[in-house]
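Take a look at the letters that make up each chain.
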Amino acid sequence: MVEIASPIAPIRRSVSYDPVIIALLGLAALLCFAKPILPDFLIRVPEAWVPPLANWLDTFFEFIKGDLDTGRPGLIHLTRWFAEGPLAFLLGVTANLLEGKHRWPFFDPLPWSTVAAVAAVIGYYLGGWRLALLGGGTFVWTALVGQWKIAMQTLSVLAVAAPLAFLIGLTLGIMAWKWGWFERMIKPVLAILQTIPFFTYLLPAVIFFKVGPTAGAIATTIYAIPPMVLMTTLGLKKVAPEIIEAGKMSGCTRLQMLFRVFIPSARTEILVGVNQVIMLCLAMVVLTAFIGMPGLGGKLLAMMNSFKLGRSFEIGVTIVLVAITLDRMSKAWVVKLPVHHERGTPWHIRHKYLVMAVAAFVFFLLLSQFVDILDKVGRKQSLSMGREIDTVIKGALAIDAVKSVTETIRYVLNVWVLIPFRNALLWIPTPAFILVVVAFAWGFGGKRPALFATAFFTTVAFSGWWDRSVITLYSVISAVILSVMIGVPLGILASRSKTWATRILLVCDTAQTFPSFIYLLPAIMLFGVSDVTVVLSIVIFTTVPLTRYTIEGLRNVPAEMTEAADMSGATRRQKLLNVQLPMALPTMAVGFNQAIMFAFFMVIIAAFIGTQDLGQELQRTLAGTDLGKNFVLGMNVALMALTFDLTLMSWAGKKNKMLGLSAR
Amino acid sequence: MSTQTPVIRCRNVWKLFGANPEQYLKTMPAGRSYEDIHADGYIAGVKDVSVDVGRGEMLVIMGLSGSGKSTLVRCFSRLHDITGGTIEVEGQDVMALSEKELIELRRSKMGMVFQSFGLLPHRTVLDNVAFPLEMRGQNRHDRRERALEVIKLVGLEGREDYFPRELSGGQQQRVGIARSLAIEPDIWFLDEPFSALDPLIRREMQDEFLRLQEMLGKTIVFITHDFDEALRLADRIAIMKNGAIEQCDTPDQIVLKPRTPYVRKFTEEIEKSRVVHAGVLAKPINGTAVEGDPVAGDLTIHQLARQLVGDTRDNLPVAGKDGALIGVLNRQTALDVLLGDG
Amino acid sequence: MNFRANLLASTAALSMTATVGFAEDSSDPIVIPIHNWSSQIVMSNVVGQIFEEMGNNVEYVTTDSQAVYESVRLGDVTLELEVWEGAFGASFRAALEKGGLHDAGDHNAVTREDWWYPMWTKDACPGLPSWEALNECASVFATAETGGKGRYLDGPVDWLKHGKERVEALGMDFVVINAGSAAALWAEIGAAEADKTPVVVFNWTPNFAEAVWPGEFVEFPEWVDGCDKDPSVGPNPDALYDCGNPAQGYLKKAAWDGMKDKWPDAYATLTKVSFTNAQIAEMAKLVDVDELEPEEAAAEWLEANEDVWRGWLPSGS
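Residues numbered from 1 in each chain as written. Chains lettered and ligands numbered in written order. Predicted model: local features only at pLDDT ≥ 70, side-chain atom pairs only at ≥ 80, totals over all residues. Heavy atoms only, no water.

**Describing the overall build of chain C**
Okay, step 1: On a plain count of helices and strands, chain C comes out with 14 helices and 10 strands.
Okay, step 2: Here chain C has a C-alpha radius of gyration of 22 Å; the compact-globule value for 317 residues is 20 Å, and the two agree.
Okay, step 3: Principal-axis analysis of the C-alpha atoms places the extent of chain C at approximately 70 × 40 × 30 Å.
Okay, step 4: Across the 317 residues that make up chain C, the buried fraction comes to 57%. (Helix = DSSP H or I, 4+ residues; strand = E, 2+ residues; numbered from the N terminus. Rg over C-alpha atoms; globule rule 2.2 N^0.38 Å. Buried < 20%, exposed > 50% of the residue type's maximum accessible area, 1.4 Å probe, protein only.)

**Some remarks on the domain arrangement of chain C**
All names here are of chain C.
Okay, step 1: When its domains are assigned, chain C resolves into domain 1 (2-110 + 249-310) and domain 2 (112-217).
Okay, step 2: Each of domain 1 and domain 2 has a C-alpha centre, and these two points are 33 Å apart.
Okay, step 3: On the domain 2 side, the residues contacting the 10 residues of domain 1 number 10 residues.
Okay, step 4: For the pair domain 1 and domain 2, the summed buried area comes to about 870 Å², and 62% of that belongs to carbon and sulfur atoms.
Okay, step 5: At the boundary of domain 1 and domain 2, one finds zero salt bridges.
Okay, step 6: There are zero residue pairs in polar contact (both at pLDDT 80 or more) connecting domain 1 and domain 2.
Okay, step 7: When residues of the side of domain 1 that touches domain 2 are traced back to their parent elements, those giving at least two are helix 4 (85-98) and helix 12 (277-288).
Okay, step 8: With four residues, helix 4 is the single largest residue contributor to the side of domain 1 that touches domain 2.
Okay, step 9: Of the residues in the side of domain 1 that touches domain 2, the class split is five nonpolar, three polar and two charged. (Domains from an automatic or database assignment. Contact = heavy atoms within 4.5 Å. Buried area = accessible area lost by both parts, 1.4 Å probe. Salt bridge = Lys/Arg side-chain N within 4 Å of Asp/Glu carboxyl O. Polar contact = N/O pair within 3.5 Å; in protein donor to acceptor, adjacent residues only side chain to side chain. Nonpolar A, V, L, I, M, F, W, Y, C, P; charged D, E, K, R; others polar.)

**Concerning helix 7 (residues 180-195) of chain A**
Two residues of an α-helix separated by three or four positions point the same way, owing to the 3.6 residues in each turn.
Residue and element names in this part refer to chain A.
Okay, step 1: Here helix 7 is 16 residues long and its end C-alpha atoms lie 23 Å apart, about the 22 Å a rise of 1.5 Å per residue gives.
Okay, step 2: Of all the bends in helix 7, the greatest, near 25 degrees, is centred on I186, and the proline P188 appears no more than four residues after it.
Okay, step 3: Along helix 7, the residues that are buried comprise F182, E183, I186, L190 and T195.
Okay, step 4: Each element contacted by the buried residues of helix 7 is listed here: helix 6 (148-178), helix 9 (213-238), helix 26 (572-605) and helix 28 (627-659). (Expected span 1.5 Å × (residues − 1). Bend = angle between axes of the 7 residues up to and from the residue.)

**Description of the nonpolar core**
Okay, step 1: Among the nonpolar cores identified, the biggest contains 287 residues, and F517(A), F51(C), W115(C), F174(C), W186(C) and F275(C) are the most heavily contacted of them.
Okay, step 2: It is helix 6 of chain A that contributes the most residues to this core, 16 residues altogether.
Okay, step 3: Excluding residues within four positions of it along the chain, F174(C) makes contact with W115(C), L134(C), N135(C), A138(C), F141(C), K149(C), G150(C), R151(C), Y152(C), V167(C) and V200(C). (Core = buried A, V, L, I, M, F, W, Y, C linked by side-chain atoms within 4.5 Å.)

**Points about the interface of chain C and chain A**
Okay, step 1: Facing 56 residues of chain C, the contacting portion of chain A comprises 58 residues.
Okay, step 2: Approximately 4,900 Å² of surface area, both sides summed, lies buried where chain C meets chain A, with 54% of it carried by carbon and sulfur atoms.
Okay, step 3: In this structure, the connection of chain C to chain A is made through eight salt bridges.
Okay, step 4: Between chain C and chain A we count 19 residue pairs in polar contact (both at pLDDT 80 or more) in total.
Okay, step 5: In terms of residue class, the side of chain C that touches chain A is made up of 27 nonpolar, 13 polar and 16 charged.

**As for the pairing of strand 8 (residues 200-205) of chain C**
Residues and elements named next belong to chain C.
Okay, step 1: Burial runs high along strand 8: six of the six residues are buried.
Okay, step 2: Bridge count for strand 6 (residues 150-154) against strand 8 is two bridges, and the pairing is parallel. Across the sheet, Y152 pairs through a bridge with V200, a residue of strand 8. (Pairing = 2+ DSSP bridges.)

**A look at the interface of chain A and chain B**
Okay, step 1: With 24 residues of chain A at the contact, the number on the chain B side is 32 residues.
Okay, step 2: Note on chain A versus chain B: buried area summed over both sides is about 2,500 Å², and carbon and sulfur give 55% of it.
Okay, step 3: On inspection of chain A and its partner chain B, the count reaches three salt bridges.
Okay, step 4: One salt bridge connects R260(A) with E134(B), and the closest N-O pair in it is separated by 2.7 Å.
Okay, step 5: In this structure, the connection of chain A to chain B is made through nine residue pairs in polar contact (both at pLDDT 80 or more).
Okay, step 6: Elements with a contribution of two residues or more to the side of chain A that touches chain B: helix 10 (241-249) and helix 11 (254-265) of chain A.
Okay, step 7: When grouped by side-chain class, the residues that make up the side of chain A that touches chain B number nine nonpolar, eight polar and seven charged.

**A word on the pattern of salt bridges**
Okay, step 1: Scanning the model with the defined rule gives 58 salt bridges over all chains in all.
Okay, step 2: Among the ionic pairs, E145(C) bridges to R410(A), the shortest N-O distance being 2.7 Å. On the criterion of chain membership, the pair formed by E145(C) in the loop between helix 6 (131-136) and strand 6 and R410(A) in helix 18 (residues 400-427) is interchain, its members lying in two chains.
Okay, step 3: A salt bridge links K575(A) to D566(A); the shortest N-O distance between them is 3.2 Å.
Okay, step 4: A relative accessible area of 16% places K575(A) in the buried class.
Okay, step 5: Under the relative-accessibility criterion, D566(A) is labelled partly exposed at 41%.
Okay, step 6: One network of salt bridges, in which partners are shared, links D327(A), R328(A), K331(A), D509(A) and R548(A).

Printed below as a string of structure tokens:
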């Protein structure tokens, strides 16, 4: 076991010589050096001291849950009623309409060509030919590769989950805006929801809402709610006071104020919320397949388990296309402003898009009665290239040059970097580790984050899962450091020209929406089941926000500043180092923060590669009914993620204020 | 000024901002200055204001930013709840109104125009103007008809289907004015309606506004930080500083007899002859010998300048609107005003 | 427009069954869980189509293969067609203890899960399949991280395969790494395939992998009952898990307790359902090699094997 000197060094360099930090780090160093003579309880929290939190939680959950068999009253009666009543009904309706499931109103499924045509018209309405092509093209692709039915199964659930998340998010957002106490209460809950691993939702969703589309819809909804709440509150708070007063002076009642004045005026933010809801819903497509979500996700997992990379890849492409289509359309909708028609414009011109959509729908509906291929594309007719893609991917991965490069990377990273780093982190006594984290929080975030860091990491230490938490953190830190080394230079290069910025951002979008599961298999084939694979598959995901925010930060530096630098005779390099980067730093910090959050998300998925961290334990809890343990594990991940979130956001906020930039 | 009960009557109105203003106001010793109150951790938005607005009168509230003028007008319409004192609108104590009654009052009697227009961005001109009518539940046909009427009144015909962002600033404010007039309010509040506009447009809008007022004869509370605008429009001007009214008087009186040094500072730069009317300078006849044609009392000294310089009489008779003599104007006094020595 | 045809078929089936007189089954759908491996998906479709043939409504729901037992227990799903002794025995037994589901009989097929290697590995380590031979050429299986020791890729931890314990108990020169999922295992084999790198991984039968990569199980000391509970059993008197896994593990069906009463005919059929290893392999092949969709594969299999399943239907049909 190789031990590196101390992971403290890089942190110390970037902060000033605050006596508190020196004291904290000094104490940590002392604990490390004294490790051989330290009593055991200062190295790890002894088992006996760990409160049986999981058992308490189990008892608590069991109590509020109630029992269906014995009829003991509890929450489950309500949730089951909801799941089997209204929710199942709604899911039945959308499933009938989209894929022809045998449910009310018992229609035939829509021919794929009608859906594609209407999507094209909507795309045209929102963003001209390009979006029309994207919208129509996505559905044509889906039908032609023979994924129509499963894609519609997925969409039929999303068509319920997304509006549900929208409505709940909007309502909660309004409540948070209306009542300060509610906002103060819900903010931490949302923060936890945003950081807790998805596995923690899955089990309760199954127990309370019945395995199947219902549980899938609920887990998706819960996952998608937080940004909707935050955006709603933000939008409502931003409504100009004069508009509010104008509303009041027009004699609006409270309800009229809300629905006629506030919500329409907060349209932009609310629509941005809608966009985020859609994206998060799509992010859950694969994960919810574990609890009965039908469609693309389930198929993807099945394909991966029979090692069909080609067809997995095709499903991934479908998911990306659907995601990008919905993303672009909803974004176009955000910026789309109403335009007036001249007086006397005839009805069909004023509503020309509606007319076009209806016409296209009817046309293809009729046509598909005669031309079968426009109604359904059977498996045997489909243009799926699964086998060919499979061969290409597997062939590419097996090229000797690729193999020798990956072998080297695997060896160097694993043997010289990752494993020593992991062992070093595991070697550090728990209190010293906490002190270092607190010093980091203090140095960057200040007092408040430092207090939270103390509380959060102490809780983790007493949860009984310290080592696994440290391993989780190790993967996260390694991946984030690597992606800083890749993402930031990439962002700097891309920000030099607009075309490149656009191109790289498109790559970012694609990488972000491509189901992370699909990376895992090629990654394993390249690097084997090892820490390198785990870290690199996280890196793919975390590099995206770093690159994106670097580009955004650099491109948004006010023109006068770069011009001033030019006029001062700065070279490109001087300008970058002295003007652009310092100005972009707060924005980049937001990207850095997001990268860490993504890493905490992805590290759990990486459990499918094979890890010894919290993710692996979480995956294990899926098998049983250990709600308590499941929750404790999830909390550990959330607490660690929140520590970073609080610290970095606080730092970015302070920096922004210092630079006189508006806070994000 | 009307002798009937005033439309708006406020007595000792206080509006304090801070942690617990009601409690503070109750225990506050009399005579605390703005600064004292500030030192106690409170801000006196409106400080002990008593003022009446008569029917058909245009009261202009003038003051620099932060002087409390906007706060005061929002107290009138109860957009702000006052901390102390009473405000009566048409004889009703506004603070005693229930939410329903307040909404009813606003729906039937009040209109307000805002500095940055306060238009709803997602509604067309027509829908913005019809908004107050929609709120009070008028049917679609009626409100459309009425909205078109006011839109025509403010000269925006043909722009009914435009959205606010498709209009210039001046046009947007016309929409704001049309909206405030849609319900045919008795009381019209205008909060710096022209401050956000370019100087040229501002002038044009002021003329437009005077034309409208001529036609409608509303009771108006008009807020401005522009003293020229105040002089141009007002029946009476209330000058505010630190939440309190320094002086509330006709433009002539303010110019002629500024009551505080603060008010005087405003009047110093003003060409008084353009403000002061002959009727105001006129003294009772009381045996003064008058001869010749009378001058009209509602003309300003500036408008009479040529005649004053050319005339040889020491004292000129002044006639009221109905032609009856109301007094004599001492030519020297008038010339002093004209030359700025008054 | 498949649905119309379905409707016709099902009404026809209904009227037919009504006349024959076993329409006592509830018209609520029988919910069949689907997991993420081919044989199970096809088998579920096969049994589902048999139920439909009998006039029942059937619905499929995608679930996790471990979490499903809790759902069967609650009646959210009605049955489970593939309960593997090794992989799911623990979850199944746990749910059994809690109550709500029961054992609905075994398939004819036997299952085996153990250390496995693809055929090309034999070239590097000719002594295989004996475990002693494997241990002797441990260094052949070494990788960057394992030092000189051999690397064995075990199944996910939650499958409870006890690879580490066995390595210790038998004093093997191997490092055990746990894969996170079945897919991770295939990826490793797939990567090794290109240049025929020797690997030893966890695998099982019946499984599609047999068709793609021919291979063999490593022969460990034969399983003796109690090997996992009593240290004295097996070659090492002081350790548990010092033998191979049972070479003849069961493959069970499980049913929700309420199924018997709600769909008595379907339940009776379920208890009779039994597939052989060959049949299961055939089902998997239709999807994995012939690239059929599961429902098509099921229909094809049913058509080709009518003699097998007709006998499972209630008498009279």
